[in-house]
Every structure is written in C-alpha cells, then in structure tokens.
Amino acid sequence: MGHLKNNYHTHNRLCNHATGDVDDYVKKAIALGMEELGLSDHGPVLTRFMSKEMFLETLSYRNMSLDTFYNVYLPEIEQVKEQYNEQIKIYKGLEIEYIQGEEEFYKELLSRLDYMNLGLHFFKDSNGNIINSYWNINHENVIEYALAAIKGMSTGLFKVLVHPDLFMFGYKNKDGKREFDNECVKASRMIIEAAIKYDCYVEVNVNGLKNSKKYNSDAWLYPSYEFWKLASEYKDLKIIIGVDAHNPDDLDCSDIDQVLDFCKRLNLNISEKIDFK
Ligand SMILES: [Zn+2]
Ligand SMILES: [Zn+2]
C-alpha cells in the first residue's frame, strides 16, 4: 500500500474522533521510512466564537480545549520530537477553523507552533452566521465560503488551506442537486488565485475518500475532480497531498495510491515537502 514521504496533516486522540496518540503516529511514520511528519490535530474553538446551538452543531465541543493544547498537546509533541529526533523530522502544528476578528487568538497559538493548517469545516459569513461547510453550502453561499477562506489566507497565519474543495461535500445547486455549477467555478477560482497571492499551499485531501464512503457515496464527494481540474491550470499554485490521518494505519493505505493516481491524471504539480522558510 501507499504512503507519502512527508505528511503534514495528522490527528490524534485529543480531538476525540481519532485513534492513537502522537507516539503511535510517529512510530508508524518511522516504520514506513517517512522523512517528515507534521502533527496537526484539530485546534481549540472557543465557546464565545458562536452560539451554544452552533457550537453543538459544528461538533466544536470535540476539539481539544485551550488548556489541553498547552498542557497536554504541546508537551506530548516536545516529547516525541526529542525521543525520535534522529529518525524523523517532526513539525508542531494544528488544523484550525478561522473565525474573522480573532487574529490575536490565532497569533498566540502560532507563536507556540511551527505552522497551522486552515480547515474550514464551518465559517462565519458576512452576516455573522456560522455555516456548516459539509451540509449547508449551496449556490447562494458558496462565494461566502470562498471569501472566508480568502480572509483566512490573507492573514498570513496559515501554511496550508486543507481540503479547499470541502464545499462540494454536500453542495446544492439551484435545483437542489450536487453539481459543480458556475458558482462553484467562481468560488474555486477565487480560492485558488488567493492561495497564489498569499503564498498558501492547497491540499488534496486523502481522507475525503473515507468520508465519502462513510456517507455511502461511490463518487468522491471531495477531492472534487472539477476543482482540481481548474487548479491544474495554475502553474504557480502550491499543492500538497495530505493524509488527514485519524488512525496511524491511515499513513499507509490504498486511498493514498488512489489520490496519487488522481493527481497524476490531472497533471497536478505536487510539492513533496512544505517549505517552512
Ligand atoms: Zn478530524
Ligand atoms: Zn484534518
């Protein structure tokens, strides 16, 4: 089965929906002969960022707390960095949502990390509403998703926009069908062009395959063929593949081969390593 030389999208038990602790992921990566591993569990979402209702709906209660971030997550990563420092290069990261106006919060987190992945599982639209990116994106608000992604990237706080095409998961066109329509084209180009402008990597997400099967879809809900077909037109776009591992075994699975094949067919120019300079 396939694995990547380097992976920068790796979860662990602290998000309460992944298996294994950081040590298990690092050991697996070493056993596979991987060179770099970025640990990027789901970062804290503060209750004050949204209503109680939305906090529940977006499953934000599952994420590690700020206290866990400082007192468990960071020390655990320090520990593996030290322990395995001759066998693998470990980067300290987070995958995190972006709430506009909370830059100080993100800056403080980043000051303790090597990098952050921006993952918009939900976002705040221009009316201040929280929109769930899996279930509630349609032809009327997909541009808002793009604008939220662009605002996030423009802060320069995020190294990678992970699964930029997540909006296609449950997208509805004007007839209520899941179709990559003109609004999707517009939103995608906006995201891609901003990623180039703000020098942010975009990620082809391997976990999309599992997530598609989980919801009984034979087709990939994401990565979206149409999104990445558009992306292939932009030669300056920086693209990486991310496993989005929620189990150590995810680092070595046939879904990785399928995604590598997908990228090859689309002639995507994939960066094997993130440039952390
Ligand atoms: Zn997750
Ligand atoms: Zn993830």
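Given the structure is predicted, the values throughout are model-derived calculations rather than measurements. (Residues numbered from 1 in each chain as written. Chains lettered and ligands numbered in written order. Predicted model: local features only at pLDDT ≥ 70, side-chain atom pairs only at ≥ 80, totals over all residues. Heavy atoms only, no water.)

Now for the overall build of the protein chain. In terms of regular secondary structure, the protein chain is built from nine helices and nine strands. For the protein chain, whose C-alpha radius of gyration is 18 Å, the value lies close to the compact-globule estimate of 19 Å for 277 residues. Viewed in the frame of its principal axes, the protein chain has a C-alpha envelope of about 55 × 45 × 35 Å. Per-residue burial over the protein chain gives 57% buried out of 277 residues. Considering only residue pairs separated by 6 or more positions, the protein chain has 74% of its internal contacts joining residues 24 or more positions apart. (Helix = DSSP H or I, 4+ residues; strand = E, 2+ residues; numbered from the N terminus. Rg over C-alpha atoms; globule rule 2.2 N^0.38 Å. Buried < 20%, exposed > 50% of the residue type's maximum accessible area, 1.4 Å probe, protein only. Contact = heavy atoms within 4.5 Å.)

Moving on to the coordination of the zinc ion (ligand 2). Distances from the zinc ion (ligand 2) to its protein donors, His9 (NE2), His11 (NE2), Glu95 (OE) and Asp244 (OD), fall at 2.0 to 2.2 Å. Coordination geometry of the zinc ion (ligand 2): the four donor atoms subtend angles of 81 to 166° at the metal centre, consistent with an arrangement described as irregular. Sequence spacing of the donors to the zinc ion (ligand 2): H-x1-H-x83-E-x148-D. A separation of 4.5 Å is found between the zinc ion (ligand 2) and the zinc ion (ligand 1). Pair noted here: His9 is in the loop between β1 (6-7) and α1 (22-31) and Glu95 is in strand β3 (residues 89-96), with a separation of 86 residues, a long-range link. For His9, a relative accessible area of 1% puts it in the buried group. Judged by relative accessible area, which is 1%, Glu95 ranks as buried. (Donors = N, O, S within 2.8 Å, 3.2 Å for Na, K, Ca; no water. Tetrahedral: all angles 85-135°; square planar, octahedral: opposite > 155°, others 65-115°.)

To continue, consider the packing of aromatic side chains. Taken as a whole and judged by the stated rule, the model has 22 aromatic pairs. Aromatic pair Tyr8 and Tyr91: ring centres 6.3 Å apart, planes at 50°, arrangement tilted. Of this pair, Tyr8 sits in the loop between β1 and α1 while Tyr91 sits in strand β3, placing them 83 residues apart in sequence. Since its relative accessible area comes to 2%, Tyr8 is described here as buried. (Phe/Tyr/Trp six-rings, centres within 6.5 Å; stacked < 30°, edge-to-face > 60°.)

Moving on to the pattern of salt bridges. Applying the stated criterion across every chain, the model contains 17 salt bridges. Ionic pairing is found between Asp249 and Lys28, a salt bridge with its closest N-O pair at 3.5 Å. Residue Asp249 is found in the loop between β9 (239-242) and α9 (254-265), and its partner Lys28 is found in helix α1; the two are separated by 221 residues along the sequence. For Asp249, a relative accessible area of 47% corresponds to the partly exposed category. (Salt bridge = Lys/Arg side-chain N within 4 Å of Asp/Glu carboxyl O.)

Moving on, we come to the layout of surface pockets. The probe, sized like a water molecule, is rolled over the atoms to show the empty space still left. Space inside the largest pocket adds up to approximately 660 Å³. Taken together, 30 residues form the lining of the largest pocket, with His17, Arg62, Tyr134, Asn211 and Lys214 sitting closest to its centre. Ranked by the residues each element gives to the lining of the largest pocket, the list is headed by helix α7 (residues 207-214), at four residues. Taken together, the residues of the lining of the largest pocket sort by class into eight nonpolar, 14 polar and eight charged. Its volume calculated, the second largest pocket comes out at about 220 Å³. Forming the walls of the second largest pocket are 14 residues, and the residues nearest its centre are Gly156, Phe158, Lys159, Asp199 and Lys277. (1 Å grid on protein atoms, 1.4 Å probe; cavity = no way out; pocket = protein on both sides within 12 Å on 5 of 7 lines; lining within 4 Å. Points joined across faces, edges and corners; volume = space filled by probe spheres on them. Nonpolar A, V, L, I, M, F, W, Y, C, P; charged D, E, K, R; others polar.)

Fair warning: the whole summary comes from geometry, so function is off the table for now.
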